[in-house]
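Understanding the architecture of this molecule
So you can see what is in the structure, the chains are spelled out below.
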There are 2 protein chains.
Amino acid sequence: MDVRTICLGILTRGDATGYEIKKLFEEGGYEHFVEASFGSIYPALSRLTDEGFVSVRSEAQEKRPDRKVYSITPVGRSAFVATLLKPLPEDRHRSPFVFAMLFADLLPQAHVSAMVDHYIGQVEEKLAHLNSHSDASKSDGERFVMDYGRTVYEATLNFLRTHRAEIENQPAQAAE
Amino acid sequence: MDVRTICLGILTRGDATGYEIKKLFEEGGYEHFVEASFGSIYPALSRLTDEGFVSVRSEAQEKRPDRKVYSITPVGRSAFVATLLKPLPEDRHRSPFVFAMLFADLLPQAHVSAMVDHYIGQVEEKLAHLNSHSDASKSDGERFVMDYGRTVYEATLNFLRTHRAEIENQPAQAAE
DNA sequence: GTTTGCATGTAAACGGTTACATGATTGG
DNA sequence: CCAATCATGTAACCGTTTACATGCAAAC
């Protein structure tokens, strides 16, 4: 999903500034599935404004840039729904870790172990982050997505813990 | 992982042409984790050649472009291992489906059901594709990655089948 | 006293995809 | 007869990231 669509989606839940949009997606617990940087969010919002999908009001502030609060327009809302009704792009799960594991036999086994440990740590962190959010005040969709994340993370952890020996127990044929 | 590194990785397993590199990754069962198009593979191979990471020999063919068979050089091999030993970029799982599910309440429930069906079908296909490859003649790493894929796909399917009602059973508050 | 949070934006660079160009052979 | 397989490559385009620019206030 492109940043434009992500922004529209967030704005269906309420008005927000560019800054807040970024925070909402970082803290919402979806950061694994959807992400965006300021360098893409701000231009996306300007373009959405030009196209009439969102409207802005500037709130003056002292000693800070004006807050630009964006609202989705009826046109923007229809466009957003229309995007979701069209066939969606496929998932892409880019995993440098998985790629590296394909070549575990080329690496010192101590390093493979360290990589697995590190990856497990990362997934544990994401799980903890997910669990730190209460399910209250969430839509059905949000709760569904969070449960989905938990399930996938837990399956991942379980797999790594029970199968790691298979790539750790081979004769080190390490780098020259 | 960038296309350059992917190409180097494949070439550690044996010589190949650009065309074959693409096929290997499509058929290897990793296509969900790593992917690349010709438009990125061919330039990557030229650059790797210029930099001394791979070498080429041209095999003349009648009525077809010459096959350019690439081999990884010792320098390329060390560089590849060095890349894997450095801290890896984080996984990114971009899922338009998950994103859409966050907004299930904005969509007609029949469409949500159709989306879930479609997504389940896709995952089933990937699972079948994974299972169609025998584990024989695979490295430990490859077997590990395939098992990992199976685990994650199965957990996904299981979750969707047991939890889909949670997003399907809400009053349709569809698009205007 | 330094980091974090608030708050916006631009420009250059990057990596990649898509479409195009070419063209014979084989299988359905 | 048409689609797929083999086989390479270029060029335009696209979306995004990264770095830069600015700057105060509050928390640690």
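Residues numbered from 1 in each chain as written. Chains lettered and ligands numbered in written order. Predicted model: local features only at pLDDT ≥ 70, side-chain atom pairs only at ≥ 80, totals over all residues. Heavy atoms only, no water.

Per the secondary structure count, chain A includes eight helices and three strands. Shown N-terminal to C-terminal, the secondary structure of chain A runs as helices and strands in the order α-α-α-β-β-α-β-α-α-α-α. Taken over the C-alpha trace, chain A has a radius of gyration of 21 Å; the compact-globule value for 176 residues is 16 Å, which it surpasses by more than 25%. Judged by the C-alpha coordinates and their principal axes, chain A covers about 65 × 35 × 35 Å. Taken over 176 residues, chain A has a buried fraction of 47%. Taking all contacts inside chain A whose residues are at least 6 apart in sequence as the whole, residues at least 24 apart take part in 59%. On chain A, the mean spot of the 20 positive side-chain charges and the mean spot of the 26 negative ones are 7 Å from each other. (Helix = DSSP H or I, 4+ residues; strand = E, 2+ residues; numbered from the N terminus. Rg over C-alpha atoms; globule rule 2.2 N^0.38 Å. Buried < 20%, exposed > 50% of the residue type's maximum accessible area, 1.4 Å probe, protein only. Contact = heavy atoms within 4.5 Å. Lys, Arg positive; Asp, Glu negative; His and termini not counted. Charge placed at Lys NZ, Arg CZ, Asp CG, Glu CD.)

Let us now look at the relation of the copies chain B and chain A. Rotating chain B by 180° about the axis while translating it 0.0 Å along that axis superimposes it on chain A, leaving an RMSD of 0.0 Å. Here the copies are linked by what is in effect a two-fold axis. When C-alpha distances to the rotation axis are compared across chain B, the minimum falls at His93 of chain B, with a value of 2.1 Å. Here 100% of the contact residues of chain B are again contact residues in chain A; the copies associate through an equivalent surface. (Least-squares fit on C-alpha atoms with pLDDT ≥ 70 in both.)

Residues in contact with DNA strand D amount to 21 residues; listed here are only the nearest, Asp2 and Ser37 of chain A together with Tyr19, Tyr42 and Lys68 of chain B. Counting only atoms of DNA strand D within 4 Å of the protein, the sugar-phosphate share comes to 66%. Considered class by class, the residues forming the surface near DNA strand D number six nonpolar, seven polar and eight charged. (Near = heavy atom within 4 Å. Nonpolar A, V, L, I, M, F, W, Y, C, P; charged D, E, K, R; others polar.)

What follows covers the side chain of Thr73 of chain A. If you trace the backbone, Thr73 of chain A turns up in the loop between strand E2 (67-72) and helix H4 (74-85). Those residues in contact with Thr73 of chain A, other than ones at most four positions away along the chain, are Gly52, Phe53, Val54 and Ser55 of chain A.

A few words on the environment of Gln109 of chain A. All names here are of chain A. Mapped onto the elements of the fold, Gln109 is located in helix H6 (residues 109-131). Look at Gln109 and you get partly exposed, because its relative accessible area is 33%. Taking the C-alpha atoms as reference points, Gln109 and Ala16, separated by 93 residues in sequence, lie 49 Å from one another.

Our next topic: the interface of chain B and chain A. Facing 65 residues of chain B, the contacting portion of chain A comprises 65 residues. In total, about 6400 Å² of surface goes out of reach between chain B and chain A, with carbon and sulfur atoms giving 68% of it. At the junction of chain B and chain A, the tally comes to six salt bridges. When the shortest N-O distance is used, the salt bridge between Glu90 of chain A and Lys126 of chain B registers 3.7 Å. Across the contact surface, chain B and chain A share 17 residue pairs in polar contact (both at pLDDT 80 or more). Breaking the side of chain B that touches chain A down by element, the ones donating at least two residues are helix H1 (3-11), helix H4 (74-85), strand E3 (92-94), helix H5 (96-102), helix H6 (109-131), helix H7 (140-163) and helix H8 (165-168) of chain B. (Buried area = accessible area lost by both parts, 1.4 Å probe. Salt bridge = Lys/Arg side-chain N within 4 Å of Asp/Glu carboxyl O. Polar contact = N/O pair within 3.5 Å; in protein donor to acceptor, adjacent residues only side chain to side chain.)

Residues and elements named next belong to chain A. Applying the stated criterion to the full structure yields 30 salt bridges over all chains. Salt-bridge contacts for Arg67 lead to Glu20; the nearest nitrogen and oxygen are separated by 3.1 Å. Linking Arg67 in strand E2 with Glu20 in helix H2 (residues 18-27), this pair joins segments that are 47 residues apart in sequence. Residue class for Glu20 comes out partly exposed when judged on its relative accessible area of 27%. In this structure, Glu26 and Lys22 form a salt bridge, with 2.6 Å as the shortest nitrogen-oxygen distance. Highlighted residues: Glu26 and Lys22, both in helix H2, separated by four residues, approximately one helical turn.

Counting across every chain of the model gives 18 aromatic pairs over all chains. Consider the rings of Phe38 of chain A and Tyr42 of chain A, whose centres lie 5.6 Å apart with planes at 20°: the pair is stacked. Linking Phe38 of chain A with Tyr42 of chain A, this pair stays in helix H3 (residues 38-50), spanning four residues, or about one helical turn. An aromatic cluster is defined as three or more aromatic residues linked by ring pairs; in this entry it consists of Phe33, Phe144 and Tyr148 of chain A together with Phe159 of chain B. Lying over the aromatic face of Phe38 of chain A, Lys22 of chain A brings its terminal NZ or CZ to 5.0 Å of the ring centre. (Phe/Tyr/Trp six-rings, centres within 6.5 Å; stacked < 30°, edge-to-face > 60°. Lys NZ or Arg CZ within 6 Å of the ring centre and 35° of its normal.)

Below, the discussion takes up the nonpolar core. In this structure, Phe99 and Met101 of chain A together with Phe99 and Met101 of chain B are the most contacted members of the largest nonpolar core, which totals 102 residues. In this structure, Met101 of chain A is in contact with Val112, Met115, Val116 and Ile167 of chain A together with Gly141, Phe144 and Val145 of chain B, ignoring residues within four places of it in sequence. (Core = buried A, V, L, I, M, F, W, Y, C linked by side-chain atoms within 4.5 Å.)

Attention now goes to the domain arrangement of chain A. Residues and elements named next belong to chain A. According to the domain assignment, chain A contains domain 1 (3-85) and domain 2 (96-168). One C-alpha centre belongs to domain 1, the other to domain 2, and the line joining them spans 30 Å. Contact with domain 1, which involves nine residues of that partner, is made by 12 residues of domain 2. Taking both partners together, domain 1 and domain 2 bury about 760 Å²; carbon and sulfur atoms supply 58% of that area. When the area that domain 1 buries against domain 2 is broken down by residue, the three leading residues are Tyr30, His32 and Phe33, summing to 53%. For the pair domain 1 and domain 2, the number of links is zero salt bridges. Remark: the boundary between domain 1 and domain 2 carries zero residue pairs in polar contact (both at pLDDT 80 or more). For the side of domain 1 that touches domain 2, a count of residues per class yields two nonpolar, three polar and four charged. (Domains from an automatic or database assignment.)

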